[in-house]
Amino acid sequence: MNDTLEVFVDRLLDERDIGEIDAEVMAEMKRDLLERVEDRINMCIVEHLPPEALAEFEQLLDSDASDEKVQEFCGKKIANIDEVIASELLQFRQTYLSN
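No experiment lies behind these values; they were computed from the predicted model shown.

## A closer look at the packing of aromatic side chains
Taken as a whole and judged by the stated rule, the model has 2 aromatic pairs. A centroid spacing of 6.4 Å and a plane angle of 5 degrees characterise the contact between Phe 92 and Tyr 96, whose relative ring orientation is stacked. In this pair, Phe 92 and Tyr 96 both sit in helix 5 (residues 81-98), 4 residues apart, roughly one turn of the helix. Residue Phe 92 is classed as buried on the basis of its relative accessible area, which comes to 5%. Seen from the ring of Tyr 96, Arg 16 lies directly overhead, with NZ or CZ sitting 4.6 Å from the centre.

Below, the structure is given as structure tokens:
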């Protein structure tokens, strides 16, 4: 999913039309924005997980499980995970572009 999020962040920055800036500054902006997007998705996932799954999810994260295992777990515990994440990304986009 990380590649998908990187494309999402690139598009956001293009839509924001920041103009010509130093490559290092742009790279830092991308890193910061990607981190913010990932944080929002993680918060959204935690909000939608059933309470009884939170401890298991925390153990999974503490074990440094692969992204695929985490995605599989979330897909099993949150029936409409793709729609939940898509909705969160749309909200993030709207907030980012309106500021």
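Let's pick the thread back up.
## Points about the packing of helix 1 (residues 2-16) against helix 2 (residues 23-48)
Running from amino to carboxyl end, helix 1 crosses helix 2 at an angle of 120 degrees, the nearest separation of the two axes being 9 Å. One element, helix 1, and the other, helix 2, form an angle in the oblique class. Relative to helix 2, the crossing made by helix 1 is right-handed. Contacts between helix 1 and helix 2 involve Asn 2, Leu 5, Glu 6, Phe 8, Val 9, Asp 10, Leu 12 and Leu 13 on the former and, on the latter, Met 26, Met 29, Lys 30, Leu 33, Leu 34, Val 37, Glu 38 and Ile 41. Residues that form the contact of helix 1 with helix 2 fall into these classes: 11 nonpolar, 1 polar and 4 charged.

Conventions adopted
Residues numbered from 1 in each chain as written. Predicted model: local features only at pLDDT ≥ 70, side-chain atom pairs only at ≥ 80, totals over all residues. Heavy atoms only, no water. Phe/Tyr/Trp six-rings, centres within 6.5 Å; stacked < 30°, edge-to-face > 60°. Helix = DSSP H or I, 4+ residues; strand = E, 2+ residues; numbered from the N terminus. Buried < 20%, exposed > 50% of the residue type's maximum accessible area, 1.4 Å probe, protein only. Lys NZ or Arg CZ within 6 Å of the ring centre and 35° of its normal. Axes fitted to C-alpha atoms, helices over the stretch in contact; angles between N-to-C directions. Parallel < 35°, antiparallel > 145°, perpendicular 65-115°, else oblique. Left-handed = near helix turned anticlockwise from the far one by under 90°. Contact = heavy atoms within 4.5 Å. Nonpolar A, V, L, I, M, F, W, Y, C, P; charged D, E, K, R; others polar.

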